[in-house]
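Structural overview
These are the residues of each chain, in order.
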Amino acid sequence: MLDFNKLLEDTLSSEVVNPIEIFDLLPEKHEKYEELLRPAQQRVLDTWFNEEYRDNPNTVIKMNTGSGKTVVGLLILQSYLNEGKGPAIYIVPDNYLIEQIIKEAIELGISITKDSTANEFLNGESILVTNMHKIINGRTVFGIGEIKKPIGCMVIDDAHACMKVAKSQFSINIPRTNDIYDKFLTIFSDCIKEQSESRYLEIKDGDKNSQQLIPFWEWNNNYSKVISILHEKRNDNSEANKSLFFNWPLLKDNLELAECIITGEELIINLDFLPIDIIPSFNECPHRIFMSATIEDDSILVSHFDIDKNQIENCITPGNANDIGERMIVIPQELNPNITEDELKQYYKYLSTKINVVVLVPSSNRSKCWKDVADFIVSNQTDMISTIEKLKNQHVGLVVLINKYDGIDLPKSACEVLVIDGMPDVRSEFEKYEQIALRGSREVLKDTIQRIEQGMGRGIRSKEDYCVVFLMGNSLVQFLYSNEAKEMFTEATQMQLNLSKSLDRQLKGATIKEIDSAISNCLNRNPEWVKLSKATILKLKYNTKNSFNEVIVKQREAFNDAKNRDYKGAMEKIQKLINSTSNSNLKGFLKYKYAKYENFINQVSAQQTLMSAKKNNSQLLHPVNGIVYQKMQFDNIPQVNKLCQFNIDHYSDTNEYLLSFNALIDKLHFEEFSANVFEQAIKDLGEHLGFISQRPENEYRKGPDNLWASIDNICFVIECKNEATSSTICKDYCNQLNGSIVWFEETYPAINSFTPIMIHPNTKFEHAASPDSRIRIINTQKLELLRGRLREFASQVAQSNYDLNTAAGLLKMFKLEPELFIQEYTVEFK
């Protein structure tokens, strides 16, 4: 009996290398393919095969989600295998996606395995499917510093998510339960105290939301102690030491360039950029294909994998980009700032009785706000997988997902309404630090937009799919208000946003009932809406040029110099960036990076550079000698004049003012989130109310958390304890405010009229405390009263269009003048 299938397999494995022909000849394809590739797949594969990309060491392919990336990736790898260029690996960010790739490969009839030791993989007969963790870790089976298993070709799918996984692997996280933590805290206790005495106490007490970056000069001075402690436990595979066990080999040779953050719960050691050459089987792979949906900034390929940007100047695309799927994007609070979040929640609950509504929230803390309306709040990976399967197969209702902006598919009826509630949370302590240090910079803006856009894409997974996307939360709406932010979305999303904005003009001031009527055009498939939506992106083309942020590219080059101990070369590259940067926060941050490299050559000069950096950016580390406190400049300008002028200077219109003020009020909570956010909100509130406002402890390492001053030199000396949970005010907190009182009296001896204020949930000091008799408390009840009044105040100020007489009357009516503020919003302590 003749075995024709065997002969066909031999032909496929030895002669056919064109991926389109491989697809045509695959004998056991699932009927869903109808023997045809999609036009987008055909064009990408044809470009890759016929336009000299197949021989490139690095190639970028951009295809919208749902356009068949997986099939393209599998066929390219099979082509390399047929040419004898294996072994081949298909890499995804996590285990959830592995099963999807295997299912696709089986339906295509391509040989696949999950076993990295399988002979069929090692011999180049099957494609290995694995996650990024298995490739990038300090004990990878592919070898550290040597090639244990060669890789001939690889596809990195969902490349941006994979690279974030790789970044996390070049990091060591040590929990407080590990004795290494206490050793580090002991070594660096003095320098933490020098940066902030109160922060040291918070960290010592286990406050998970308090963090301190260890000064680079102290890290270098204690380098021998640090490396000795870590080296001693490098082979300990206990639960509390797993991160060190797996990742130590990735960092040990560049530890002097690492940075360390200590929080109340853990310490994290991190490298700015990845020395990816430590894994040569990955770094030296002859053929790497990076596949992703369209994302505007490709600098991550340079920063994480050290790829020469000139190698990947162009990318392969399907040409037409109108296969994104249909989205109606609605921003209710931009249409009508008076719509409350509770009203929106009840509306989404109403929608969820008929269709699946998925809500993306940034944190577990924010998910609590949805408890009263959610059918499911998903908090772990196991529940995530099962819940998504339910959404795909049945009506579930309203589902809340926590910090899941990428890596999940919610096609068709799985998610007809998607709600993105609030700003995406930063994911690591270093991201949190950089977001604070670079506040307002284009780099932070772009990263946030990318995460929002990834979230917006969860509900449309093919050209035929549709979804209504609601963007809500005062902080998110205010963030998106600027044209600069909206211009950072991909072109397709910008077009859909512009379409929605055109609809907004007809919906200005709309009620929820009117918004519901508008979105029914999408949900009920109104032919006119469908036609308009498709026409909006009909002529949209992919950009075949990759985009790179030179600030990131040059910093990567500087890191490479420093890695090779060429610190002067690193400094020269950073200096060029400093010279070309106008943003003050970014300029200061780059000076800090310069000082870090300079410290290896001249420690005294590095401190002078850091002092200059601190003047540009107050959020950076304090230099050894600190900087001179800049006293507030008092004047006799009335509070109302300052208030109105501040708003005119900072906002393009009263709608933007109202959105920003509401976003500010949202940050004034007694709950577990960064104290830095709360203290900045208090500073911003002071400015919005017409006070002179400072953060002395943060900016100058001395004095209170916040300082407000008004006409007639009336001042508030404020300590913020928004994260406190105890029923009494502890002695340490009391001593901090008492110390701030002494500091104020010494710094401003001519001012007698000041009020010390403690912001704390409770009003009773513990028995051991000795509070100054002048102290007043803003407790939970008073803070809630203030928040409510501020919303009313802002709404009426906006309606008055900053009319001076009206605003003056409102300051008095809402008790926001200095003396009235103390009487209304503070109480005596017990």
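Rules used in this analysis
Residues numbered from 1 in each chain as written. Predicted model: local features only at pLDDT ≥ 70, side-chain atom pairs only at ≥ 80, totals over all residues. Heavy atoms only, no water. Helix = DSSP H or I, 4+ residues; strand = E, 2+ residues; numbered from the N terminus. Rg over C-alpha atoms; globule rule 2.2 N^0.38 Å. Buried < 20%, exposed > 50% of the residue type's maximum accessible area, 1.4 Å probe, protein only. Lys, Arg positive; Asp, Glu negative; His and termini not counted. Charge placed at Lys NZ, Arg CZ, Asp CG, Glu CD. Core = buried A, V, L, I, M, F, W, Y, C linked by side-chain atoms within 4.5 Å. Contact = heavy atoms within 4.5 Å. Salt bridge = Lys/Arg side-chain N within 4 Å of Asp/Glu carboxyl O. Pairing = 2+ DSSP bridges. Axes fitted to C-alpha atoms, helices over the stretch in contact; angles between N-to-C directions. Parallel < 35°, antiparallel > 145°, perpendicular 65-115°, else oblique. Left-handed = near helix turned anticlockwise from the far one by under 90°. Nonpolar A, V, L, I, M, F, W, Y, C, P; charged D, E, K, R; others polar. Polar contact = N/O pair within 3.5 Å; in protein donor to acceptor, adjacent residues only side chain to side chain. Expected span 1.5 Å × (residues − 1). Arc of directions from axis to C-beta.

Bringing the overall build of the chain into the picture now. Summing up its helical and strand segments, the chain has 38 helices and 22 strands in all. Expected size for 830 residues packed as a compact globule is a radius of gyration near 28 Å; at 29 Å, the chain falls within 12% of this value. Seen through its C-alpha atoms, the chain measures out along the principal axes to roughly 105 × 65 × 50 Å. Going through the 830 residues of the chain one by one, you find that 60% of them count as buried. Each charge class in the chain can be summarised by its mean position, and for the 93 positive and 115 negative side chains these summaries are 2 Å apart.

Here Asp406 lies in the loop between β14 (398-402) and β15 (417-421). In this structure, the C-alpha to C-alpha distance between Asp406 and Glu453, residues 47 residues apart in sequence, is 9.4 Å.

Below, the discussion takes up the nonpolar core. The biggest cluster of nonpolar side chains holds 95 residues, and the ones touching the most others in it are Ile136, Phe184, Ile262, Ile269 and Phe282. The contact partners of Ile136, leaving out residues within four places of it in the chain, are Ala166, Gln169, Phe170, Leu250, Ile276, Ile279 and Phe282. Within the second largest apolar cluster, 83 residues are counted, among which are Trp48, Val92, Leu360 and Leu480.

Here the focus is the side chain of Arg776. Here Arg776 lies in strand β21 (residues 776-778). With no salt bridge to any partner, buried Arg776 finds its closest opposite charge in Glu828, at an N-O distance of 4.0 Å. When near neighbours in sequence (up to four residues on either side) are disregarded, Arg776 contacts Thr755, Pro756, Ile757, Met758, Ile822, Thr826, Val827 and Glu828.

Here we come to the sheet that holds strand β16 (residues 466-472). In any sheet, the strands associate via hydrogen bonds between backbone groups, in a parallel or an antiparallel arrangement. Spatially, β11-β16-β15-β12-β14-β13 is the arrangement adopted by the 6 strands of the open sheet, whose pairing is parallel. For this open sheet the edge positions go to β11 (326-330) and β13 (376-378), each flanked by a neighbour on one side alone. Each strand of the sheet is rotated relative to its neighbour by a mean of 20 degrees, with strand direction disregarded. As judged from the 4 bridges shared by strand β12 (residues 357-361) and β15, these two strands associate in the parallel manner. From the neighbouring strand, Val358 faces β15, where its bridge partner is Leu418.

Moving on, we get to the packing of helix α3 (residues 39-50) against helix α4 (residues 69-82). Running from N to C, α3 and α4 point in directions that differ by 30 degrees, and their axes come no closer than 10 Å. If you check the angle between α3 and α4, you find them roughly parallel. The crossing of α3 and α4 is right-handed. Contact residues: α3 offers Gln41, Val44, Leu45 and Trp48, while α4 offers Val71, Val72, Leu75, Ile76, Ser79 and Tyr80. Taken together, the residues of the contact of α3 with α4 break down into 8 nonpolar, 2 polar and no charged.

Right, let's get into the environment of Thr490. When you line up the elements, Thr490 lands in the loop between α23 (483-486) and α24 (491-507). C-alpha of Thr490 to C-alpha of Asn543: the two residues are 53 residues apart in sequence and 9.9 Å apart in space. Within the structure, Thr490 has its side chain in polar contact with the side chain of Glu453 (distance 2.4 Å).

With 13 residues, helix α32 (residues 654-666) should cover 18 Å at 1.5 Å per step; its first-to-last C-alpha distance of 18 Å lies within 8% of that length. Within α32, 11 of the 13 residues are buried, leaving the element largely enclosed by the surrounding structure. Turning to α32, the residues buried within the fold contact α16 (332-335), α22 (474-480), α31 (639-650), α33 (675-688) and α36 (780-800). Its side-chain oxygen placed 3.1 Å from the backbone nitrogen of Asn655, Asp653 serves as the N-cap of α32.

As a packed pair, helix α28 (residues 567-579) and helix α29 (residues 584-598) sit with axes 9 Å apart at the nearest point and diverge in direction by 170 degrees. In terms of orientation, α28 lies roughly antiparallel with respect to α29. Side by side, α28 and α29 meet where Tyr567, Ala570, Met571, Ile574, Gln575, Leu577 and Ile578 of the first sit next to Lys587, Leu590, Lys591, Tyr594, Tyr597 and Glu598 of the second.

Moving on to the sheet that holds strand β8 (residues 259-263). The strand order β6-β9-β8-β7 describes an open sheet built from 4 strands, whose pairing is antiparallel. Each having just a single partner strand, β6 (171-175) and β7 (211-213) make up the two edges of the open sheet. Here the strands of the sheet are splayed against their neighbours by 15 degrees on average, with no regard to which way each runs. Sheet analysis places β8 next to strand β9 (residues 266-270), joined by 4 bridges and oriented antiparallel. Bridge pairing in β9 links Cys260 to Ile269.

Here the focus is helix α37 (residues 804-813). All of the buried residues in α37 are Ala807, Leu810 and Leu811. Viewed along the axis of α37, the buried residues span an arc of 105 degrees, placing them on a single side of the element. Against α31 and α36 lie the buried residues of α37.

So, about the pattern of salt bridges. This structure, assessed with the given rule, holds 38 salt bridges. In this structure, the salt-bridge partner of Arg556 is Asp306, at a minimum N-O distance of 3.5 Å. Of this pair, Arg556 sits in helix α27 (residues 550-563) while Asp306 is found in the loop between α15 (299-305) and β11, placing the two residues 250 residues apart along the sequence. You can call Arg556 buried: its relative accessible area is 2%. Given a relative accessible area of 35%, Asp306 falls into the partly exposed group. When the shortest N-O distance is used, the salt bridge between Glu817 and Lys812 registers 3.3 Å. Among the charged side chains, a network of salt bridges with common partners joins Arg54, Asp55, Glu83 and Lys85.

Purely spatial values, then, with no claim about function.
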